[in-house]
Structure formats: C-alpha cells, structure tokens
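Examination of the molecular architecture
Okay, here's what each chain looks like letter by letter:
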Amino acid sequence: MKTTPFTDIHIALGAKMHEFAGYNMPIEYPTGIINEHLTVRGGVGVFDVSHMGEFWVKGERAIEFLQKITSNNVAALSAGKVQYSCFPNGQGGIVDDFLCYCFDNQKYMLVVNAGNIAKDWDWCNRNNTEGVVLKNSSDTIAQLAVQGAKATELLQTLTDVNLYEIEYYNFKIGRFADVDDVIISNTGYTGAGGFELYFSPENARKIWDALFAAGEKFDLKPIGLGARDTLRLEAGFCLYGNDIDDSHSPIEAGLGWITKFVDNKNFIDRPLLEKQKNEGTTRRLVKFVLAERGIPRYGYEIFNENCEKIGEVTSGMMLPKTKQGIGMGYVLSDYIKIGTKIFISIRDKKIPAEIVKSFM
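Notes on the structure in this doc start here. The shown structure was predicted, so the numbers you read here are calculated from the model rather than taken from an experiment. (Residues numbered from 1 in each chain as written. Predicted model: local features only at pLDDT ≥ 70, side-chain atom pairs only at ≥ 80, totals over all residues. Heavy atoms only, no water.)

**Brief notes about the environment of Lys217**
Among the structural elements, Lys217 can be located in the loop between helix H6 (204-214) and strand S13 (221-223). A residue is classified by how much of its surface remains accessible, and Lys217, at 70% relative accessible area, is exposed. Sequence separation between Lys217 and Ile326 is 109 residues, and the spatial gap between their C-alpha atoms is 34 Å. (Helix = DSSP H or I, 4+ residues; strand = E, 2+ residues; numbered from the N terminus. Buried < 20%, exposed > 50% of the residue type's maximum accessible area, 1.4 Å probe, protein only.)

**Focus on the nonpolar core**
Formed by 40 residues in total, the largest nonpolar core has its most connected members in Tyr101, Met109 and Ile244. Put simply, the parts of the chain that give this core at least two residues each are strand S5 (82-88), strand S6 (94-104), strand S7 (107-112), helix H7 (225-234), strand S14 (283-290) and strand S17 (325-332). The element contributing the most residues to this core is S6, with 4 residues. Setting aside anything within four residues of it in sequence, one finds Ile244 in contact with Tyr84, Ile94, Asp97, Cys238, Leu239, Ala253, Leu255 and Tyr330. Formed by 30 residues, the second largest nonpolar core is a distinct cluster that contains Leu144, Leu158, Phe195 and Leu197. (Core = buried A, V, L, I, M, F, W, Y, C linked by side-chain atoms within 4.5 Å. Contact = heavy atoms within 4.5 Å.)

**Re helix H4 (residues 117-126)**
Of all the positions in H4, only Ile117, Asp120, Trp123 and Cys124 are classed as buried. For H4, the buried positions fall inside an angular range of 130° around the axis, keeping them on one side. Opposite the buried face of H4, by more than 90 degrees, sit the exposed residues Ala118 and Arg126. Contacts from the buried residues of H4 go to strand S4 (53-58), helix H3 (62-69), S5, S6, S7 and strand S8 (133-136). (Arc of directions from axis to C-beta.)

Structure (structure tokens):
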C-alpha cells in the first residue's frame, strides 16, 4: 500500500488503518467516528487527504481543452477561483468529479478523487487533442483539510494571509506555518467550513506540528475517513462510486448546476445532457430521512406505498446527534418531490421515509 507523509503519525496516534484507494489511511481514531463527526461540526478537526490526485493543465489552449472535457464553464474562472465540475464519460455517465483551480488562463490544477487517479489521467491524455501540457503531480503534493466552526480562527494564527478575505471557492498562495508557497483554499467536503492546504511533502511534518501546537487551545483533533464520509453525507455532498459513477449522468445526480450549456462550450456528452435537462430523466438522486429507527445502506431497495420497487439507496447513515437515519438514492422521477413518502427495505422490513431538500 502507498503511504502519505502522515501515515506514521496516524499509526502512532492509534488510528484504525485500512486500505483506501491503494493508500494506508486512517479510518478512525480511538475516540470513534461519532466523536470525530461532532468535533468538526462544533470545533475543528484536521483530515489527511494527501491521497487525492492533482493534475496540472498548462498551455495556450488550456481553456479549450477544459471546456471540452469538463461539464462546468471554465471560462467563467479567473485567477484565484475554484470550480466544482465533472468529466462526462461520452456515454451519459461521469468519469469523476473534481475541483478545478485557476492560476491564470493558461495554468490550472485539477484535484481528483484518489481512487480515480489512473482512470482520470488516462482520460485526460486520451482526450488531449489541443496539445496542452499535462502533468500528474499526485505523488508530489500533500494535502490537509482543516475543517470546522473554529477552523478559520485557528488557521489565521499561522499565516499573514487574511483568511477572512478569501471567499468560498477561492484560494491564495502564501506563507503558512513558516512554509512558503502553500495553497490555502476555502473549500472542503464537510459542510462545516474551513480550508484545504496544499504543500510539498517535505514540509508535511512541520505543518502538522505547527497546526497541533496552535490548535491546542482550540481542541484540534485528527479526523479519519469514516467521519469524512458521515460529514459529507450530512452536508448532502455526492461520493464518487456511490452516488455518482459511470452509469449515472450529472443531470440524474442533481448536478445540473455544474453542467453549463453556454455558447462556445461543446463539451463531451453535451447533446445528451442538454436533452436530459430539457426533457427530464427517468430517475433522479434524492435525499431522504427515515421516519423510524434504522440505518439505510448502499444497495438497499426503495419502494413506493404499493410495494413496487422504485430505486436503490446509494449512501446512508445515522445522524450522530438525532440518531435519525438519512440517506441518498436514485428513484423514479415520479417520486422526487419534497415530502414524498417512500419506503426503505431494511432487513426485510419496509421502513417509511420522506424525501427532503437537505439534512442541515
């Protein structure tokens, strides 16, 4: 298994380690996932996300290449801005979802999912008919996500960059914890606020130690991938491989807001996706809350009141605070209206649930 610059630290802290996307990653620490989840919601936690992939896209035709290969409108970006997007796969599905960082109109960084690095790299190269310069820097960039209600206050003690001036989905490059050229990005996968930091692996220990020294008065805790998953689901964020994949389109997944049909953007799958947007789809991704005790799991079947199967669960959990079961899943489009009653099959029992707009 691959390691990150922080792997030895996780092991020393007693983390439960497990293979994830080919990396030896911390799933949870001795305090447990529920405690970690609540720590981020009410305080501040730090995630090692150095396993994520980073691709550079450079050249005079960088915008043309990205406009073709991505669903979102890259031309709307200016230096210092970040955009959430996806790669349509040419068959109505999604190769991956990712973040696109704009440094200037000839230099971009794509941050892709760890499990899709090889797949995405191949996809970008196979579609590079514009002759842009592509570089896979996944093994030479480390990343920490510092998330939570107290994240900005803590991080501000370690940099002269005014973090309060960095708007959501914007970034700056500056000195952090006495390390130069750190990308400080107001992004995250928790819905709790905070920043993501990108830096050279050689500075990893220095930045980790500085964070925890400054974070002592903020009760900073390390957080594993288990709580990262529960936090993202509570925030309503999709997980690739569960909620989105090669067999579901961005329109079906409710990602029409990152699928832009603007002029001069003839991106992969545009005709199909534009048709779906205009005419609708037979299924859609929805959020639901259980009316009774239970935990929905991936693959559980969803039924209507007539006991007819109408879909399947893609993600599910029990909320740490309320102990209420929540989930996401694809259902037939007749059942996507907020307030619609559905039933989740859990251990041969059909538990009533209701379609909701959000969990927070």
